[in-house]
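# Examination of the molecular architecture
Here is what each chain is made of, one letter per residue.
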Amino acid sequence: MTSNNDILFERAQRSTPGGVNSPVRAFRSVGGTPRFISRAAGPYFWDADDRRYIDYIGSWGPAIVGHAHPAVVKAVQEAAERGLSFGAPTEGEVLMAEELCRLVPSMEQVRLVSSGTEAAMSALRLARGVTGRDLVIKFEGCYHGHADSLLVKAGSGMLTFGNPTSAGVPEDFARHTMVLDYNDAQQLEETFARVGDRVACVIVEPVAGNMNLLPATPEFLQTMRDLCTKYGALLAFDEVMSGFRVALGGAQSLYGIAPDMTVLGKVIGGGLPVAAFGASAAVMKHLAPLGGVYQAGTLSGNPVAVAAGMTTLKLVQAPGFYEALSAQTARMAAGIGDAAREAGVPFCANSVGGMFGLYFTADVPRNYAEMMKCDKAAFNAFFHAMLDAGVYLAPSAFEAGFVSAQHDDAVIDATIDAARQAFATLR
Ligand SMILES: *Cc1c(COP(=O)(O)O)cnc(C)c1O
(Lines give C-alpha, C1' and ligand atoms only; values in the text may rest on other atoms or scores of the structure.)
Protein backbone atom coordinates (compact mmCIF):
# COMPACT_ATOMS: atom_id res chain seq x y z
CA MET A 1 0.00 0.00 0.00
CA THR A 2 1.37 3.38 -0.97
CA SER A 3 1.71 5.87 1.83
CA ASN A 4 0.03 9.25 1.57
CA ASN A 5 3.38 10.69 2.63
CA ASP A 6 4.98 9.26 -0.54
CA ILE A 7 2.16 10.61 -2.70
CA LEU A 8 2.41 14.09 -1.16
CA PHE A 9 6.21 14.09 -1.36
CA GLU A 10 6.06 13.17 -5.04
CA ARG A 11 3.66 16.05 -5.72
CA ALA A 12 5.58 18.46 -3.48
CA GLN A 13 8.78 17.85 -5.44
CA ARG A 14 7.04 18.95 -8.62
CA SER A 15 5.90 22.30 -7.21
CA THR A 16 8.61 23.12 -4.64
CA PRO A 17 12.39 22.62 -4.80
CA GLY A 18 13.14 19.36 -2.98
CA GLY A 19 9.51 19.19 -1.92
CA VAL A 20 10.04 21.26 1.23
CA ASN A 21 10.02 24.87 2.35
CA SER A 22 13.08 24.51 4.60
CA PRO A 23 15.93 22.13 3.67
CA VAL A 24 16.37 19.96 6.78
CA ARG A 25 12.74 18.81 6.58
CA ALA A 26 13.60 16.89 3.41
CA PHE A 27 15.30 13.85 5.02
CA ARG A 28 18.22 14.28 2.57
CA SER A 29 20.65 13.49 5.37
CA VAL A 30 18.90 10.39 6.73
CA GLY A 31 17.22 9.17 3.54
CA GLY A 32 13.59 8.18 3.09
CA THR A 33 10.37 10.12 2.79
CA PRO A 34 9.55 13.00 5.11
CA ARG A 35 6.28 12.65 6.95
CA PHE A 36 3.62 15.19 6.01
CA ILE A 37 2.03 16.34 9.25
CA SER A 38 -1.73 16.75 9.35
CA ARG A 39 -2.28 17.69 12.99
CA ALA A 40 -0.62 17.83 16.39
CA ALA A 41 -1.62 17.85 20.05
CA GLY A 42 0.53 17.93 23.20
CA PRO A 43 3.67 15.80 22.67
CA TYR A 44 2.35 14.13 19.50
CA PHE A 45 1.79 14.76 15.83
CA TRP A 46 0.12 12.68 13.15
CA ASP A 47 1.22 12.16 9.56
CA ALA A 48 -0.76 11.91 6.32
CA ASP A 49 -1.48 8.21 7.02
CA ASP A 50 -2.84 9.20 10.44
CA ARG A 51 0.12 7.53 12.12
CA ARG A 52 1.02 9.05 15.50
CA TYR A 53 4.55 10.06 16.52
CA ILE A 54 6.06 11.35 19.73
CA ASP A 55 7.53 14.61 18.46
CA TYR A 56 11.00 15.82 19.48
CA ILE A 57 11.25 18.58 16.90
CA GLY A 58 8.59 20.76 18.48
CA SER A 59 8.69 23.01 15.40
CA TRP A 60 12.45 23.34 16.19
CA GLY A 61 11.70 24.75 19.62
CA PRO A 62 8.53 26.86 19.67
CA ALA A 63 6.18 24.08 20.86
CA ILE A 64 7.56 24.27 24.41
CA VAL A 65 4.13 24.09 26.08
CA GLY A 66 3.08 21.26 23.76
CA HIS A 67 1.33 21.42 20.40
CA ALA A 68 -1.99 23.23 20.08
CA HIS A 69 -2.08 24.22 23.74
CA PRO A 70 -5.73 25.20 24.41
CA ALA A 71 -4.78 28.59 25.92
CA VAL A 72 -2.58 29.49 22.94
CA VAL A 73 -5.19 28.35 20.42
CA LYS A 74 -7.88 30.37 22.21
CA ALA A 75 -5.73 33.52 22.28
CA VAL A 76 -5.03 33.14 18.55
CA GLN A 77 -8.72 32.64 17.73
CA GLU A 78 -9.73 35.69 19.76
CA ALA A 79 -7.01 37.84 18.22
CA ALA A 80 -7.96 36.69 14.71
CA GLU A 81 -11.56 37.75 15.29
CA ARG A 82 -10.36 41.25 16.15
CA GLY A 83 -8.46 41.51 12.84
CA LEU A 84 -5.43 39.86 11.30
CA SER A 85 -3.06 42.75 10.66
CA PHE A 86 -3.32 46.53 10.80
CA GLY A 87 -0.03 48.12 9.73
CA ALA A 88 -0.45 50.41 12.72
CA PRO A 89 0.68 49.92 16.34
CA THR A 90 -1.22 47.81 18.88
CA GLU A 91 -1.29 47.50 22.67
CA GLY A 92 -0.20 43.85 22.36
CA GLU A 93 3.17 44.91 20.95
CA VAL A 94 3.75 47.24 23.90
CA LEU A 95 2.93 44.47 26.37
CA MET A 96 5.18 42.02 24.56
CA ALA A 97 8.13 44.43 24.44
CA GLU A 98 7.72 45.15 28.16
CA GLU A 99 7.49 41.45 28.97
CA LEU A 100 10.60 40.53 26.94
CA CYS A 101 12.66 43.31 28.55
CA ARG A 102 11.49 42.26 32.01
CA LEU A 103 12.40 38.62 31.41
CA VAL A 104 15.72 39.35 29.65
CA PRO A 105 17.08 42.28 31.66
CA SER A 106 20.10 42.90 29.41
CA MET A 107 17.58 44.41 26.97
CA GLU A 108 16.03 47.82 27.64
CA GLN A 109 14.24 47.95 24.30
CA VAL A 110 13.30 45.47 21.61
CA ARG A 111 12.06 45.54 18.08
CA LEU A 112 9.72 42.77 16.96
CA VAL A 113 10.22 41.11 13.57
CA SER A 114 8.88 37.94 11.93
CA SER A 115 11.80 35.49 11.77
CA GLY A 116 15.08 34.72 13.49
CA THR A 117 16.89 35.35 10.23
CA GLU A 118 15.45 38.84 10.08
CA ALA A 119 16.26 39.51 13.74
CA ALA A 120 19.91 38.42 13.44
CA MET A 121 20.37 40.28 10.16
CA SER A 122 18.92 43.46 11.69
CA ALA A 123 21.03 43.12 14.83
CA LEU A 124 24.18 42.93 12.68
CA ARG A 125 23.21 46.01 10.71
CA LEU A 126 22.52 47.85 13.95
CA ALA A 127 25.88 46.80 15.41
CA ARG A 128 27.64 48.00 12.28
CA GLY A 129 25.69 51.26 12.29
CA VAL A 130 26.38 51.93 15.97
CA THR A 131 30.11 51.16 15.86
CA GLY A 132 30.82 52.42 12.35
CA ARG A 133 32.77 49.18 11.77
CA ASP A 134 32.14 46.39 9.25
CA LEU A 135 33.80 43.28 10.64
CA VAL A 136 31.69 40.54 12.24
CA ILE A 137 33.00 37.49 14.10
CA LYS A 138 30.97 34.29 14.18
CA PHE A 139 31.83 30.71 15.10
CA GLU A 140 31.91 27.60 12.98
CA GLY A 141 28.80 25.49 13.43
CA CYS A 142 26.66 28.32 14.82
CA TYR A 143 23.65 29.22 12.69
CA HIS A 144 22.17 32.69 12.75
CA GLY A 145 19.68 32.48 9.90
CA HIS A 146 20.45 32.88 6.24
CA ALA A 147 21.39 36.54 5.82
CA ASP A 148 24.28 36.91 3.37
CA SER A 149 26.99 37.96 5.84
CA LEU A 150 26.09 35.06 8.13
CA LEU A 151 26.09 32.26 5.55
CA VAL A 152 29.78 31.84 5.94
CA LYS A 153 30.37 28.23 6.95
CA ALA A 154 27.00 28.15 8.70
CA GLY A 155 25.73 25.12 10.62
CA SER A 156 22.55 23.05 10.60
CA GLY A 157 21.25 22.18 7.13
CA MET A 158 24.48 23.55 5.74
CA LEU A 159 26.53 21.11 7.81
CA THR A 160 24.40 18.28 6.71
CA PHE A 161 24.98 19.14 3.08
CA GLY A 162 28.68 19.61 3.68
CA ASN A 163 28.73 23.02 1.99
CA PRO A 164 31.06 25.46 3.65
CA THR A 165 29.24 28.45 2.14
CA SER A 166 26.16 29.10 0.04
CA ALA A 167 26.25 29.90 -3.65
CA GLY A 168 24.92 33.36 -4.30
CA VAL A 169 26.69 35.08 -1.41
CA PRO A 170 29.10 37.67 -2.84
CA GLU A 171 32.68 37.17 -1.69
CA ASP A 172 32.69 40.85 -0.85
CA PHE A 173 30.09 40.18 1.86
CA ALA A 174 31.79 37.08 3.21
CA ARG A 175 35.02 39.06 3.49
CA HIS A 176 33.51 41.06 6.36
CA THR A 177 32.75 37.95 8.42
CA MET A 178 35.44 36.02 10.29
CA VAL A 179 34.62 32.45 11.29
CA LEU A 180 36.44 31.19 14.39
CA ASP A 181 36.34 27.94 16.38
CA TYR A 182 33.62 27.55 18.99
CA ASN A 183 34.90 27.22 22.56
CA ASP A 184 38.41 28.40 21.62
CA ALA A 185 39.04 31.41 23.89
CA GLN A 186 42.71 31.65 22.97
CA GLN A 187 42.03 31.96 19.25
CA LEU A 188 39.50 34.69 20.01
CA GLU A 189 42.08 36.60 22.06
CA GLU A 190 44.68 36.32 19.30
CA THR A 191 42.15 37.50 16.73
CA PHE A 192 41.13 40.54 18.79
CA ALA A 193 44.77 41.42 19.31
CA ARG A 194 45.08 41.64 15.51
CA VAL A 195 41.76 43.13 14.36
CA GLY A 196 39.85 44.03 17.55
CA ASP A 197 39.50 47.71 16.73
CA ARG A 198 37.72 46.81 13.47
CA VAL A 199 35.16 44.44 15.00
CA ALA A 200 31.56 45.70 15.03
CA CYS A 201 30.10 42.63 16.63
CA VAL A 202 30.71 39.11 17.85
CA ILE A 203 27.64 36.93 17.36
CA VAL A 204 27.35 33.57 19.10
CA GLU A 205 24.84 30.91 20.12
CA PRO A 206 25.69 30.73 23.86
CA VAL A 207 24.23 27.24 23.90
CA ALA A 208 24.66 26.09 20.32
CA GLY A 209 21.73 24.11 18.96
CA ASN A 210 22.50 24.02 15.25
CA MET A 211 25.48 21.65 15.34
CA ASN A 212 23.57 19.28 17.57
CA LEU A 213 23.55 20.54 21.19
CA LEU A 214 26.85 22.10 22.21
CA PRO A 215 27.00 24.41 25.23
CA ALA A 216 29.70 27.07 25.35
CA THR A 217 32.20 26.87 28.19
CA PRO A 218 31.84 29.71 30.74
CA GLU A 219 35.47 30.76 30.03
CA PHE A 220 34.77 31.09 26.31
CA LEU A 221 31.79 33.39 26.85
CA GLN A 222 33.53 35.39 29.58
CA THR A 223 36.59 35.94 27.36
CA MET A 224 34.25 37.09 24.59
CA ARG A 225 32.48 39.47 26.97
CA ASP A 226 35.77 40.96 28.21
CA LEU A 227 37.26 41.36 24.72
CA CYS A 228 34.14 43.05 23.31
CA THR A 229 34.13 45.51 26.21
CA LYS A 230 37.85 46.19 25.87
CA TYR A 231 37.74 46.81 22.11
CA GLY A 232 34.35 48.55 21.88
CA ALA A 233 32.70 45.76 19.89
CA LEU A 234 29.12 44.71 20.59
CA LEU A 235 28.48 41.20 21.89
CA ALA A 236 25.34 39.65 20.38
CA PHE A 237 23.88 36.48 21.90
CA ASP A 238 21.76 34.71 19.33
CA GLU A 239 19.19 33.15 21.64
CA VAL A 240 16.67 32.36 18.92
CA MET A 241 16.94 28.73 20.00
CA SER A 242 18.20 28.94 23.59
CA GLY A 243 15.95 31.82 24.67
CA PHE A 244 13.05 30.62 26.87
CA ARG A 245 14.24 27.09 26.07
CA VAL A 246 17.27 26.45 28.31
CA ALA A 247 15.92 28.72 31.09
CA LEU A 248 13.36 31.50 31.52
CA GLY A 249 16.00 34.20 31.04
CA GLY A 250 17.80 32.31 28.28
CA ALA A 251 21.39 31.10 28.27
CA GLN A 252 22.58 34.52 29.48
CA SER A 253 20.80 33.88 32.79
CA LEU A 254 22.44 30.45 33.12
CA TYR A 255 25.94 31.84 32.53
CA GLY A 256 25.38 35.17 34.30
CA ILE A 257 26.84 37.06 31.33
CA ALA A 258 25.00 40.04 29.85
CA PRO A 259 25.43 40.54 26.10
CA ASP A 260 25.04 43.96 24.46
CA MET A 261 22.44 42.60 22.05
CA THR A 262 20.05 39.67 22.23
CA VAL A 263 18.38 37.97 19.30
CA LEU A 264 15.19 36.00 20.02
CA GLY A 265 12.71 33.92 18.01
CA LYS A 266 11.18 30.43 18.04
CA VAL A 267 9.59 30.13 21.56
CA ILE A 268 8.60 33.81 21.74
CA GLY A 269 6.19 33.28 18.85
CA GLY A 270 4.64 30.17 20.37
CA GLY A 271 4.43 28.61 16.87
CA LEU A 272 3.60 31.77 14.92
CA PRO A 273 6.15 34.10 13.30
CA VAL A 274 7.54 36.38 15.99
CA ALA A 275 11.22 37.15 16.55
CA ALA A 276 12.95 40.10 18.17
CA PHE A 277 16.25 41.81 18.75
CA GLY A 278 16.99 44.03 21.69
CA ALA A 279 19.71 45.99 23.46
CA SER A 280 20.18 49.04 25.68
CA ALA A 281 18.17 52.14 24.79
CA ALA A 282 21.46 53.83 23.86
CA VAL A 283 22.08 51.19 21.18
CA MET A 284 18.46 50.84 20.03
CA LYS A 285 18.05 54.60 19.49
CA HIS A 286 20.17 54.22 16.36
CA LEU A 287 17.27 52.37 14.68
CA ALA A 288 14.78 54.11 12.37
CA PRO A 289 12.65 56.13 12.98
CA LEU A 290 14.97 57.58 15.68
CA GLY A 291 18.33 56.89 14.07
CA GLY A 292 20.03 56.19 10.80
CA VAL A 293 19.93 52.37 10.79
CA TYR A 294 16.97 51.31 8.65
CA GLN A 295 14.80 48.34 9.53
CA ALA A 296 11.10 47.69 8.86
CA GLY A 297 8.46 44.98 8.37
CA THR A 298 4.87 44.86 7.09
CA LEU A 299 3.88 42.05 9.47
CA SER A 300 6.28 42.91 12.35
CA GLY A 301 4.46 42.62 15.68
CA ASN A 302 1.49 40.99 13.95
CA PRO A 303 -1.42 40.91 16.44
CA VAL A 304 -2.29 37.23 15.99
CA ALA A 305 1.35 36.13 16.26
CA VAL A 306 1.89 38.35 19.31
CA ALA A 307 -1.16 36.78 20.98
CA ALA A 308 0.36 33.30 20.52
CA GLY A 309 3.73 34.49 21.76
CA MET A 310 2.45 36.34 24.81
CA THR A 311 0.28 33.41 25.88
CA THR A 312 3.24 31.06 25.55
CA LEU A 313 5.43 33.43 27.57
CA LYS A 314 2.77 33.45 30.29
CA LEU A 315 2.59 29.65 30.38
CA VAL A 316 6.35 29.18 30.73
CA GLN A 317 6.30 31.45 33.80
CA ALA A 318 4.20 28.94 35.76
CA PRO A 319 6.08 28.10 38.99
CA GLY A 320 8.54 25.25 38.45
CA PHE A 321 8.04 25.14 34.66
CA TYR A 322 11.72 25.05 33.75
CA GLU A 323 12.70 22.85 36.70
CA ALA A 324 10.21 20.23 35.54
CA LEU A 325 11.11 20.57 31.85
CA SER A 326 14.85 20.34 32.57
CA ALA A 327 14.43 17.33 34.86
CA GLN A 328 12.28 15.51 32.31
CA THR A 329 14.71 16.25 29.47
CA ALA A 330 17.70 15.15 31.57
CA ARG A 331 15.89 11.95 32.55
CA MET A 332 15.27 11.13 28.92
CA ALA A 333 18.86 11.85 27.86
CA ALA A 334 20.15 9.66 30.71
CA GLY A 335 17.68 6.89 29.85
CA ILE A 336 18.71 6.83 26.20
CA GLY A 337 22.37 6.88 27.28
CA ASP A 338 21.78 3.86 29.55
CA ALA A 339 20.02 2.02 26.74
CA ALA A 340 23.02 2.57 24.46
CA ARG A 341 25.44 1.34 27.14
CA GLU A 342 23.38 -1.84 27.63
CA ALA A 343 23.57 -2.42 23.88
CA GLY A 344 27.29 -1.64 23.76
CA VAL A 345 26.84 1.20 21.26
CA PRO A 346 29.37 4.09 21.51
CA PHE A 347 27.02 6.91 22.37
CA CYS A 348 26.38 9.72 24.81
CA ALA A 349 23.70 12.31 25.44
CA ASN A 350 23.47 15.72 27.01
CA SER A 351 20.75 18.23 27.83
CA VAL A 352 20.37 21.86 28.84
CA GLY A 353 16.90 22.90 29.97
CA GLY A 354 14.39 21.57 27.45
CA MET A 355 16.99 20.90 24.75
CA PHE A 356 18.94 17.67 24.25
CA GLY A 357 21.75 16.28 22.12
CA LEU A 358 22.31 12.66 21.06
CA TYR A 359 25.88 11.90 19.97
CA PHE A 360 27.10 8.73 18.32
CA THR A 361 30.55 9.08 19.82
CA ALA A 362 32.12 7.88 23.08
CA ASP A 363 32.43 11.33 24.73
CA VAL A 364 30.31 14.48 24.65
CA PRO A 365 31.79 16.70 21.88
CA ARG A 366 33.23 20.05 23.02
CA ASN A 367 33.64 21.75 19.66
CA TYR A 368 32.63 21.57 16.03
CA ALA A 369 35.50 19.31 14.95
CA GLU A 370 34.66 16.76 17.65
CA MET A 371 30.99 16.96 16.70
CA MET A 372 31.83 16.13 13.10
CA LYS A 373 33.40 12.85 14.27
CA CYS A 374 29.99 11.48 15.29
CA ASP A 375 29.01 8.28 13.49
CA LYS A 376 26.50 9.57 10.99
CA ALA A 377 25.59 6.15 9.61
CA ALA A 378 24.79 4.89 13.13
CA PHE A 379 22.64 7.97 13.74
CA ASN A 380 20.75 7.43 10.50
CA ALA A 381 20.01 3.80 11.36
CA PHE A 382 18.91 4.86 14.85
CA PHE A 383 16.74 7.65 13.42
CA HIS A 384 14.85 5.26 11.17
CA ALA A 385 14.44 2.63 13.89
CA MET A 386 12.97 5.32 16.16
CA LEU A 387 10.72 6.60 13.38
CA ASP A 388 9.42 3.07 12.79
CA ALA A 389 8.72 2.85 16.52
CA GLY A 390 6.73 6.12 16.37
CA VAL A 391 9.34 8.56 17.68
CA TYR A 392 10.16 11.54 15.46
CA LEU A 393 13.66 12.90 16.03
CA ALA A 394 15.24 15.69 14.00
CA PRO A 395 16.27 14.12 10.66
CA SER A 396 19.98 14.92 10.98
CA ALA A 397 22.86 13.87 13.22
CA PHE A 398 23.68 17.56 13.66
CA GLU A 399 20.43 18.90 15.10
CA ALA A 400 19.36 19.24 18.72
CA GLY A 401 16.10 17.82 20.09
CA PHE A 402 13.29 19.55 21.96
CA VAL A 403 11.09 18.35 24.80
CA SER A 404 7.80 20.04 25.70
CA ALA A 405 6.01 20.36 29.02
CA GLN A 406 3.50 17.79 27.69
CA HIS A 407 6.14 15.05 27.40
CA ASP A 408 5.07 13.32 30.62
CA ASP A 409 6.61 10.29 32.33
CA ALA A 410 4.74 7.82 30.13
CA VAL A 411 5.89 9.55 26.94
CA ILE A 412 9.50 9.70 28.10
CA ASP A 413 9.42 6.04 29.16
CA ALA A 414 7.97 5.03 25.79
CA THR A 415 10.79 6.95 24.10
CA ILE A 416 13.47 5.22 26.18
CA ASP A 417 11.89 1.82 25.42
CA ALA A 418 11.92 2.62 21.71
CA ALA A 419 15.58 3.65 21.99
CA ARG A 420 16.48 0.38 23.73
CA GLN A 421 14.99 -1.57 20.83
CA ALA A 422 16.56 0.74 18.25
CA PHE A 423 20.05 0.33 19.75
CA ALA A 424 19.58 -3.46 19.75
CA THR A 425 19.21 -3.34 15.97
CA LEU A 426 22.49 -1.40 15.64
CA ARG A 427 24.77 -4.02 17.12
C1 LIG B 1 16.35 29.03 13.97
C2 LIG B 1 17.49 29.95 14.23
C3 LIG B 1 17.67 31.14 13.51
C4 LIG B 1 16.82 31.50 12.33
O5 LIG B 1 15.49 31.69 12.68
P6 LIG B 1 14.36 31.57 11.53
O7 LIG B 1 13.11 31.96 12.23
O8 LIG B 1 14.40 30.16 11.05
O9 LIG B 1 14.75 32.53 10.46
C10 LIG B 1 18.68 31.99 13.88
N11 LIG B 1 19.49 31.69 14.92
C12 LIG B 1 19.37 30.56 15.62
C13 LIG B 1 20.29 30.28 16.76
C14 LIG B 1 18.37 29.64 15.29
O15 LIG B 1 18.29 28.49 15.98
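How each quantity is defined
- Residues numbered from 1 in each chain as written.
- Predicted model: local features only at pLDDT ≥ 70, side-chain atom pairs only at ≥ 80, totals over all residues.
- Heavy atoms only, no water.
- Helix = DSSP H or I, 4+ residues; strand = E, 2+ residues; numbered from the N terminus.
- Expected span 1.5 Å × (residues − 1).
- Buried < 20%, exposed > 50% of the residue type's maximum accessible area, 1.4 Å probe, protein only.
- Arc of directions from axis to C-beta.
- Contact = heavy atoms within 4.5 Å.
- Pairing = 2+ DSSP bridges.
- Near = heavy atom within 4 Å.
- Polar contact = N/O pair within 3.5 Å; in protein donor to acceptor, adjacent residues only side chain to side chain.
- Areas by Shrake-Rupley, 256 points an atom, 1.4 Å probe, with all protein chains shown as cover.
- Domains from an automatic or database assignment.
- Buried area = accessible area lost by both parts, 1.4 Å probe.
- Salt bridge = Lys/Arg side-chain N within 4 Å of Asp/Glu carboxyl O.
- Axes fitted to C-alpha atoms, helices over the stretch in contact; angles between N-to-C directions.
- Phe/Tyr/Trp six-rings, centres within 6.5 Å; stacked < 30°, edge-to-face > 60°.
- pLDDT = per-residue confidence, 0-100.

## What about helix H2 (residues 70–81)?
Counted at 1.5 Å a residue, the expected span for H2 with its twelve residues is 16 Å, and the 17 Å between its end C-alpha atoms agrees. Buried residues of H2: Val72, Ala75 and Ala79, and no others. All buried residues of H2 lie within an arc of 65° about the axis, which places them on one face of the element. Set apart from the buried face of H2 by more than 90 degrees, the exposed residues are Pro70 and Glu81. Residues of H2 that are buried make contact with helix H11 (303–315). Just beyond H2, the residue with positive phi is Gly83, at close to 125°.

## Observations regarding the side chain of Glu99
The residue Glu99 is located in helix H3 (residues 91–103) in this model. On the accessibility criterion, Glu99 (14% relative accessible area) is buried. With residues up to four places along the chain from it excluded, the contact list for Glu99 reads Met310, Leu313 and Gln317.

## Section: the sheet that holds strand E2 (residues 44–47)
The strand order E1-E2-E3-E15 describes an open sheet built from four strands, whose pairing is mixed. The sheet is open, and its two edges are formed by strand E1 (37–41) and strand E15 (391–392), each paired on a single side. Sheet topology note: the strand E3 (residues 52–55)/E15 ladder contains two bridges and is parallel. Paired with Ile54 across the bridge in E15 is Val391.

## Observations regarding the site of the ligand
Around the ligand, the neighbouring residues are Ser115, Gly116, Thr117, Tyr143, His144, Gly145, Glu205, Asn210, Asp238, Val240, Met241 and Lys266. Interatomic distance of 3.0 Å between a side-chain N/O atom of Asn210 and an oxygen atom of the ligand. For the ligand, the accessible surface in isolation is 380 Å², of which the surrounding protein chains cover 82%.

## Let's talk about the domain arrangement of the protein chain
Along its sequence, the protein chain is carved into domain 1 (4–64 + 319–426) and domain 2 (70–315). A straight line from the C-alpha centre of domain 1 to that of domain 2 covers 25 Å. Summed over both partners, the interface of domain 1 with domain 2 buries about 2,600 Å², with 65% contributed by carbon and sulfur atoms. Taken as a group, Tyr322, Met355 and Tyr368 account for 25% of the area that domain 1 buries against domain 2, more than any other trio of residues on that side. Here domain 1 is connected to domain 2 by zero salt bridges. Viewed at the interface, domain 2 and domain 1 are joined by nine residue pairs in polar contact (both at pLDDT 80 or more).

## Some remarks on the sheet that holds strand E11 (residues 261–264)
In space, the seven strands of this open sheet follow the order E4-E12-E11-E10-E7-E5-E6, with mixed pairing throughout. At either margin of the open sheet sits one strand with a lone partner, and together these are strand E4 (109–113) and strand E6 (177–180). Sheet twist, expressed as the mean angle between neighbouring strand axes with direction ignored, is 20°. Two strands pair when backbone bridges link them, and strand E5 (residues 135–139) and strand E7 (residues 199–204) are joined in this way by three bridges, in the parallel orientation. Directly across from Val136, in E7, lies its bridge partner Cys201. Where helix H7 (residues 185–195) meets the sheet, its contacts fall on E5, E6 and E7, and the angle it forms with E6 comes to roughly 155°.

## Focus: the packing of aromatic side chains
A complete count under the given rule lists 20 aromatic pairs for this structure. Between the aromatic rings of Tyr53 and Tyr392, the centroid separation amounts to 5.6 Å while the plane-to-plane angle is 85°, which identifies the pairing as edge-to-face. One end of the pair, Tyr53, is in strand E3; the other, Tyr392, is in strand E15, and 339 residues separate them in sequence. Its relative accessible area of 1% is what places Tyr53 among the buried residues. A relative accessible area of 6% means that Tyr392 is categorised as buried. Here the aromatic rings of Phe347 and Phe360 are separated by 5.0 Å at their centres, their planes lie at 75°, and the arrangement is edge-to-face.

## Quick look at unusual backbone geometry
The step from Ala288 to Pro289 runs through a cis peptide bond, and the omega angle for that step is 10°. Positive phi values are uncommon outside glycine, yet Phe244 reaches one of about 60°. With respect to the helices, strands and loops of the structure, Phe244 is situated in the loop between strand E10 (234–238) and helix H9 (251–255). Note on Phe244: relative accessible area 0%, which makes it buried.

## Some words on the confidence of the model for the protein chain
In this model, the protein chain carries a mean pLDDT of 95, and residues with pLDDT of at least 70 account for 97%. Overall, residues 154–164 carries pLDDT values under 50, and its contacts beyond four positions in sequence, including any with other chains, amount to 27 contacts.

## Things to note about helix H4 (residues 116–131)
In this model, H4 (16 residues) spans 22 Å end to end at C-alpha, consistent with the 22 Å of a helix rising 1.5 Å per residue. Considered for burial, the residues of H4 that qualify are Thr117, Glu118, Ala119, Ala120, Ser122, Ala123, Leu124, Leu126 and Ala127.

## Brief notes about the pairing of strand E13 (residues 348–352)
Note that E13 and strand E14 (residues 355–359) share five bridges and pair antiparallel. Following the sheet pairing, Ser351 is matched in E14 by Phe356. Where E13 hands over to E14, the hairpin turn is made up of two residues, of which Gly353 adopts a positive phi near 55°.

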